[in-house]
Amino acid sequence: MEYQSENSGEIDPSDNKSPPDEKEEATDIEPPPAGRESHVSRPISSRPIGKSKSTKNSNSNDDNSPSEEKDEDTSDDKPSSDGKAKSSGNASNDESSNRPTRPKTASEEEKSSEAKSSSERKVRFKDGKPPSDGKVKYGEFRIPSQSKTKLVRLRKVSDSSLFWWLLAIARLYLASVQTGYIHPDEFHQSVQVMAGDILDIEAPKPWEFHTSAPIRSITFSAVVSLPYVILRYLAPFVSYYFDVELLTPQVLLVAPRVFMTLLSFIADYCIYKIACMCYLRPWSCVEIFASSYVMLVYGTRTFSNTIELILMAILLWRVCESLVDSTKIIRKESILQDLYESSDTVKDKVKFARMKSKLPPYNYVDSAIISVVVTYGTFVRPTFLIYSFVPVSYWLQRGVVTKEVDFSYFHLRCLSLLPGVFITFVTCVLADSFYYESVSFEELVYWNVTAHSFIVTPVNFFFYNSKTANLMNHGIHPYYLHLAVNIPILHGVLGILGLWTVSKYVTSFISNDIVRKPKVFSMATMLLISFIMPVIFLSTFPHQEPRFLLPTLLPLVILHSDNIQLYSKSNRKFTGHVPFIMWHVWNIFCVVIFGFLHQGGVTKTMISVYEHIARQPPDTNVHVVFANMYSPPTFLLMRKMKVIATTEDGHRYRRAKSVFTYDAGGSKPVEFLYDFTGSVYLQARANSTTKMDILICLPASLTDELIEAKPENVTLHRIKRIPGHLTLENPPNLNLEGVKFTKSCGKACQFLQRLGQFSIDILEIRFGEDYVNELINTREEAKQSYFDDDEENEIDTS
């Protein structure tokens, strides 16, 4: 592959008869467009914060290290206000010489300016395009220094997409086989909400979607439930032509996950584009992003936080591209304006005026995308306003704070966001208002509505979370939990590097160390603030969960992916392997824990219960009690809301409900379970005379305790044991002290039996008549005692 050296700008100063100093000014334009020389040189302003810049290893084989450290001497050479470039270090040394110098002739001055201009040129790809095979080969170019010009030979670096493709396939595969259950919101705030509306099955809605004061927008649940719409209309045709049933619990579980995985690849694309703009190795950067268990696990689940991460990736991509394009165009405008003002002839003025008018617009580019993303993200998760604040602020201030453009453009950019905000806001509000039936279409047409007729879920969300009493129902956490625990859990060594970088710059600001302070308006600083500011702000809320910080992965990958990759001699040492090994070991461990083991038996239990119900006679009522586990996604049982049966003579009638589910909650003692199931049995027997089955689903670590506490006239029968379930509330006791070993089952056998308790047992419980009578008597005595206490209280009051 051949390369050519050319000026980094698009303006050719040789087309005009300007003085030599103006030629130097015309060549000093922004670096080439993103993606063309992303592996050749990296501007200091866009270098990821935290990148090592040791001058002792300037000749090492580390990627970009020679060019970066030498370019620091010349990167600050910018045109002055009067149109003349600042003098370089060589010129200043020459002027400070003691021996007298004669004035240079015009030809000598032109030759020296051409030599300086050629020494400052950057390496460009031939035809302006990188090699198609992804392998970047470097040539030779000269870098000016204060004493002499040194010849630097850059090494060959390969940036292959192979590993990303393997990780992408792994993500799709994991989406279809994962059994872990991270949090109930994975189902109860997404697919279970719309499953009943789309598939006409029983799917109880959680409290967030109550019509009195809903705090969740239906627009998110509608998006993640789109696969159910396809399945509803596709299932009859597949069943008729291929005799294959699509509407099964397994399909209902996997289809939305595969859909979310496909959406998550949007974030990978955005990371790739940002990496090109930051002069990073794009495929290696995306590989670090795709190897995170956040993408392999959370990225395949129907969390609103996953959509928040995807929207944040889109926002960062468009803002970063706007920053890069605006900086280049503003500098070109400034250069052309200086050339226009310094031109002596009308012909040259007309030429530069035409060139300036042909520059692409940059002020209001991406305003529609940014406004729609921010508004919709606020309805998905109102905390998205916190994440979008920093990128949007940088997008609004482009060139304004540095006084390169007039301050009026700040207000005009704000106004350009209003149409997209208004349209998206009205669409989401109307969708929520129609779904929650606070307003009808006829009322809207005749405008028989008030301001209270419309539902704005982000407002309800903020009102609800502003009350500490409400948050206490979900758990109160210390304010340092995000910084000390959640970031290391989510991002591993990447999160530790991010916090270390923040601590270094905070120390620099406190000690007023100007050299170590980052450039305020650089892309790297924007990414750093986009990481730490939301973490600090969300830490002020007393309820904190790791999944609230998913979008922080994006800036961390851009800033510190170089610290994890293995592509330089320095990283080939053992100390260089440590971050790489720590990163991948931690992510593999978390994929196993959160992707498969954590509450991993819940969804498999739902499928097994569904199969058990299908084997029962039609006239049998089944009552299922779930205990000491996360709230089960009961929509996977696929109980039809209206079961229509047909008699032999053709009459149609609606069958009564035959499947009932009960959530006994978590961390309940086994004695409570007997009382709870006994109450279920008495209530079921009073309401129906048909045959009934009562099932208890609970962690296998409690089965032995449940059997030991079994009352008389009660029988337990284990129907099935489902392996692969880890619960931190009731973990198995692996301690073998006090266990009696036999010849048939020694220490190893007993230990394996304890490991088998990482499961869920489905038990069938039957009550004898004596126990039922005892329960009835106990209830009557408790009721009588309650009335007696009320009478005593009335007497005391009188």
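Residues numbered from 1 in each chain as written. Predicted model: local features only at pLDDT ≥ 70, side-chain atom pairs only at ≥ 80, totals over all residues. Heavy atoms only, no water.

Evaluation of the coordinates by the stated rule reveals three cavities of 30 Å³ or more. Forming the walls of the second largest cavity are Gln 189, Phe 209, Arg 216, Ser 217, Phe 220, Ser 221, Ser 304, Phe 379 and Val 380. Every element with two or more residues in the lining of the second largest cavity is listed here: helix H7 (218-224) and helix H14 (367-380). Of the residues contributing to the lining of the second largest cavity, the split by class is four nonpolar, four polar and one charged. (1 Å grid on protein atoms, 1.4 Å probe; cavity = no way out; pocket = protein on both sides within 12 Å on 5 of 7 lines; lining within 4 Å. Points joined across faces, edges and corners; volume = space filled by probe spheres on them. Helix = DSSP H or I, 4+ residues; strand = E, 2+ residues; numbered from the N terminus. Nonpolar A, V, L, I, M, F, W, Y, C, P; charged D, E, K, R; others polar.)

Before going further, it helps to examine the pattern of salt bridges. This structure, assessed with the given rule, holds 16 salt bridges. Between Glu 321 and Arg 318 there is a salt bridge, and its shortest N-O distance comes to 3.5 Å. On the criterion of helical spacing, the pair formed by Glu 321 and Arg 318 is a turn pair, its members being three residues apart in helix H12 (residues 304-342). For Glu 321, a relative accessible area of 21% corresponds to the partly exposed category. A salt bridge links Arg 721 to Asp 761, with the shortest nitrogen-to-oxygen separation between them at 2.8 Å. Here Arg 721 is found in strand E12 (residues 714-723), whereas its partner Asp 761 is found in strand E13 (residues 759-767), with 40 residues between them in sequence. (Salt bridge = Lys/Arg side-chain N within 4 Å of Asp/Glu carboxyl O. Buried < 20%, exposed > 50% of the residue type's maximum accessible area, 1.4 Å probe, protein only.)

The subject of this paragraph is the state of the cysteines. A full pass over the atoms with the stated rule returns one disulfide. Disulfide pairing places Cys 745 opposite Cys 749 at an S-S distance of 2.2 Å. Judged by the sign of its S-S torsion, about -95°, the bond between Cys 745 and Cys 749 is left-handed. Looking at Cys 745, the relative accessible area reads 9%, which means it is buried. Cys 749 sits in the partly exposed class, given a relative accessible area of 27%. (Disulfide = S-S within 2.5 Å.)

Mapping Asn 713 onto the fold places it in the loop between helix H27 (703-708) and E12. Overall, the relative accessible area of 39% leaves Asn 713 in the partly exposed class. Expressed as a C-alpha distance, the spacing of Asn 713 and Arg 766, which sit 53 residues apart in the sequence, is 8.4 Å.

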